[in-house]
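Take a look at the letters that make up each chain.
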Amino acid sequence: MLPEKKISTAVIKRLPRYYRYLGDLLENDVVRISSKELSERMKVTASQIRQDLNNFGGFGQQGYGYNVEYLYKEIGKILGLENKYNIIIVGAGNLGQALANYTDFEKRGFIVKGLFDVNPRLIGVVVRGIEIKDVDEIDAFVKENDIHMAALTLPKQKAPKVANDLVKAGVKGIWNFAPIDLNLPKGVVVENVHLLDSLMTLSYTISQEEKDQ
Ligand code: NAI
């Protein structure tokens, strides 16, 4: 079921969490769950859950709750997870290699196809079966391997040019870890991941709690 109206970004951002919880429930053979039970587990209000899921026509039934498997699959479809996505990682340093070593991306359909760097000492090194290639090979590689997304794990000064080259080669989604805003043409999606933002939110919350004590 595809959403017909525009769904708010806030709701979309919550869906992976629903998906994760429902996946855990499925693994534990839970067949159905009420919004109340789900809300207790997830620590969000039951009305928030109902509102969020109503955006997609609601998958619950009065008095029955939600069918876990059905809801899991439908949210997976909304998130585009029935497709497979080929990814490359550009910048094969600490973070790039850590991402390449994480096997769970593949379980969700994100397949790491290539790793690229400029450093001659890294080119040719194999990380979890993937040989690090020279960035000069990116254009041809993207075209030949049907690459949908690229993770940018390289210095921020280098990120804008590399991102533009990737877009020209045909990449549609940039998973940007470099701490810089990228201005890319319409039709290209950028998802920024900044662990430091998350840490600062944590430090804010801790300092607020200390003030309240
Ligand atoms: P690193 O120095 O270990 O790795 C960077 C790699 O990029 C190096 O191997 C370097 O040779 C390569 N590189 C440089 N120019 C390149 C180019 N034009 N094309 C391809 N590769 C190129 O650094 P680290 O720790 O892995 O960090 C990488 C980036 O990720 C940095 O921009 C850092 O600020 C950012 N970062 C972001 C985090 C986040 O939460 N968003 C967390 C940690 C790092």
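Everything in this summary refers to the structure shown in the same document. (Residues numbered from 1 in each chain as written. Predicted model: local features only at pLDDT ≥ 70, side-chain atom pairs only at ≥ 80, totals over all residues. Heavy atoms only, no water.)

## With respect to the pattern of salt bridges
(1) Moving on: Under the definition given, this model contains 9 salt bridges.
(2) Moving on: The salt bridge involving arginine 128 is made with glutamate 106; its shortest N-O contact spans 3.0 Å. On the criterion of sequence distance, the pair formed by arginine 128 in the loop between strand S6 (126-127) and strand S7 (130-134) and glutamate 106 in helix H6 (residues 104-107) is long-range, its members being 22 residues apart.
(3) Moving on: Classification of arginine 128 by relative accessible area gives partly exposed; the value is 32%.
(4) Moving on: The closest approach of N and O atoms between lysine 161 and aspartate 165, which form a salt bridge, is 2.6 Å. Residue lysine 161 and its partner aspartate 165 are both found in helix H8 (residues 159-169); the two are separated by 4 residues, about one turn of the helix.
(5) Moving on: Take lysine 161: its relative accessible area is 56%, and that puts it in the exposed class.
(6) Moving on: The exposure class of aspartate 165 is partly exposed, given its relative accessible area of 31%. (Salt bridge = Lys/Arg side-chain N within 4 Å of Asp/Glu carboxyl O. Helix = DSSP H or I, 4+ residues; strand = E, 2+ residues; numbered from the N terminus. Buried < 20%, exposed > 50% of the residue type's maximum accessible area, 1.4 Å probe, protein only.)

## Focus: the site of the ligand
(1) Moving on: Residues in close proximity to the ligand total 22 residues, the closest being Leu95, Asp117, Leu154, Val193 and Leu195.
(2) Moving on: Contacts to the ligand include leucine 95, whose backbone N or O atom sits 2.8 Å from an oxygen atom.
(3) Moving on: Residue composition of the shell around the ligand, grouped by class: 13 nonpolar, 6 polar and 3 charged. (Near = heavy atom within 4 Å. Polar contact = N/O pair within 3.5 Å; in protein donor to acceptor, adjacent residues only side chain to side chain. Nonpolar A, V, L, I, M, F, W, Y, C, P; charged D, E, K, R; others polar.)

## Thoughts on the sheet that holds strand S5 (residues 110-117)
(1) Moving on: If you walk across this open sheet you meet the 7 strands as S6-S7-S5-S4-S8-S9-S10, and the pairing is mixed. A single partner strand is all that each edge strand has here, and the edge strands are S6 and strand S10 (189-192).
(2) Moving on: In this fold H8 packs onto strand S4 (85-90), strand S8 (149-152) and strand S9 (173-176), with an angle of close to 170° to the strand it touches most, S8. (Pairing = 2+ DSSP bridges. Contact = heavy atoms within 4.5 Å. Axes fitted to C-alpha atoms, helices over the stretch in contact; angles between N-to-C directions.)

Such coordinate-based values are descriptive only and should not be taken to indicate function.
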